[in-house]
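# An overview of the molecular structure
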Amino acid sequence: WSGLRYVGQVGLCFLVCEDAGHLVLIDQHAAHERVLFERYITAVREGPAPSQALLVPQAMSLPADQQAVLLAEAELLSRLGFAVEQAGPRLLRIVQAPTLLRGRDLAAELADLAVSLLDGDRGRSLTERLERTAATLACHAAFRAGDPLQPEAVQHLLAAMDQVDLSGYCPHGRPAVLRMPLDQLGRLFHRS
């Protein structure tokens, strides 16, 4: 991927590249999501994901059922890089968070996770829950459609795509890359 020639960004969503004989379109969100997911799930499988203790723990208020499910899922949270403590009735304190989520709203991420667990994920195996949650967190941390990317960020993404099993799709199944032979593109313009 790093060997592609970056041409530009279209619609603040798609990266236009070319290589020998092909037009290559990359969905910046789907590709970045796949890269983050592959790195994160590898770390989660090998042990706790890289995380950082919060200098100032973050308090979050939750309904009792959401608080209870997060406290009951301490192993899942630990593997994902989170650590939470009960701080009072319906109040949790986030003391550690995955580095993947640096700059994100941690309380919102944990509240979403609690809702997902209550909606049926608890019936799945730990491995399935880890993979589903890793996919969601990677999605939330990835570049978004509408994010303007500087050429340096694109080159960094292309190089990162070389480091993972991209498989052409984001973890949720959306295509990340489309390749079109230039001669096929020419035929669309009635060139032979």
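Please refer to the structure placed before this passage.
To start, this report covers the structure provided alongside it.

### Topic: the sheet that holds strand E4 (residues 51-61)
- Spatial strand order, E4-E6-E5: three strands in an open sheet with antiparallel pairing. With one partner strand each, in any of the chains shown, E4 and strand E5 (83-88) form the two edges of the open sheet. Taking each pair of neighbouring strands and ignoring which way they run, the sheet shows an average axis angle of 20°.
- Pairing between E4 and strand E6 (residues 91-98): seven bridges, direction antiparallel. For serine 51, the partnering residue across the bridge sits in E6 and is proline 98.
- Lying on the sheet, helix H4 (residues 106-118) is in contact with E4, E5 and E6; it crosses E4 at an angle near 70°.

### Some details on unusual backbone geometry
- Even without being glycine, leucine 12 reaches a positive phi, approximately 50°.
- Relative to the helices and strands, leucine 12 is located in the loop between strand E1 (5-10) and strand E2 (14-19).
- Notably, histidine 190 is not glycine yet its phi reads approximately 60°, a positive angle.
- Looking at the secondary structure, you find histidine 190 in the segment after helix H7 (182-188).

### Quick notes on the pattern of salt bridges
- Throughout the structure, instances matching the rule amount to nine salt bridges.
- Across the salt bridge formed by glutamate 109 and arginine 104, the nearest N and O atoms sit 3.8 Å from each other.

### Concerning the packing of helix H1 (residues 28-46) against helix H5 (residues 126-141)
- At a closest axis distance of 8 Å, the pairing of H1 and H5 adopts a crossing angle of 140°. Comparing their axes, H5 and H1 come out oblique. Both H1 and H5 take part in a crossing whose hand is right-handed. For the pair formed by H1 and H5, the contact residues are His29, His32, Glu33, Leu36, Phe37, Tyr40, Ile41, Val44 and Arg45 on the first element and Leu130, Glu131, Ala134, Ala135, Leu137, Ala138, Cys139 and Ala141 on the second.
- Looking at the contact of H1 with H5, its residues break down into twelve nonpolar, two polar and three charged.

### Observations concerning the sheet that holds strand E3 (residues 22-27)
- Reading across the sheet, the four strands line up as E1-E2-E3-E7 and stay open at both edges, with antiparallel pairing between neighbours. Each having just a single partner strand, E1 and strand E7 (177-181) make up the two edges of the open sheet. Pairs of neighbouring strands in the sheet enclose a mean axial angle of 20°, with direction left out of account.
- Pairing of E1 with E2, which is carried by five bridges, proceeds in the antiparallel orientation. Pairing of glycine 8 across the sheet is with valine 16, part of E2.
- On top of the sheet, H1 reaches E1, E2 and E3; it is set at about 70° to E3, its chief contact.

### Some remarks on the nonpolar core
- In this structure, Tyr40, Leu70, Leu80, Phe82 and Leu110 are the most contacted members of the largest nonpolar core, which totals 32 residues.
- Elements that contribute at least two residues to this core include exactly H1, helix H2 (64-72), helix H3 (74-80), E6, H4 and H5.
- Considering every element that reaches this core, the biggest residue donor is H4, with six residues.
- With residues near it in sequence (within four places) discarded, tyrosine 40 still touches Ala49, Leu80, Pro98, Leu100, Ala134 and Leu137.
- Membership of the second largest hydrophobic core comes to 20 residues, among which are Cys17, Val154, Val164 and Val177.

Definitions and limits used
Residues numbered from 1 in each chain as written. Predicted model: local features only at pLDDT ≥ 70, side-chain atom pairs only at ≥ 80, totals over all residues. Heavy atoms only, no water. Pairing = 2+ DSSP bridges. Helix = DSSP H or I, 4+ residues; strand = E, 2+ residues; numbered from the N terminus. Axes fitted to C-alpha atoms, helices over the stretch in contact; angles between N-to-C directions. Contact = heavy atoms within 4.5 Å. Salt bridge = Lys/Arg side-chain N within 4 Å of Asp/Glu carboxyl O. Parallel < 35°, antiparallel > 145°, perpendicular 65-115°, else oblique. Left-handed = near helix turned anticlockwise from the far one by under 90°. Nonpolar A, V, L, I, M, F, W, Y, C, P; charged D, E, K, R; others polar. Core = buried A, V, L, I, M, F, W, Y, C linked by side-chain atoms within 4.5 Å. Buried < 20%, exposed > 50% of the residue type's maximum accessible area, 1.4 Å probe, protein only.

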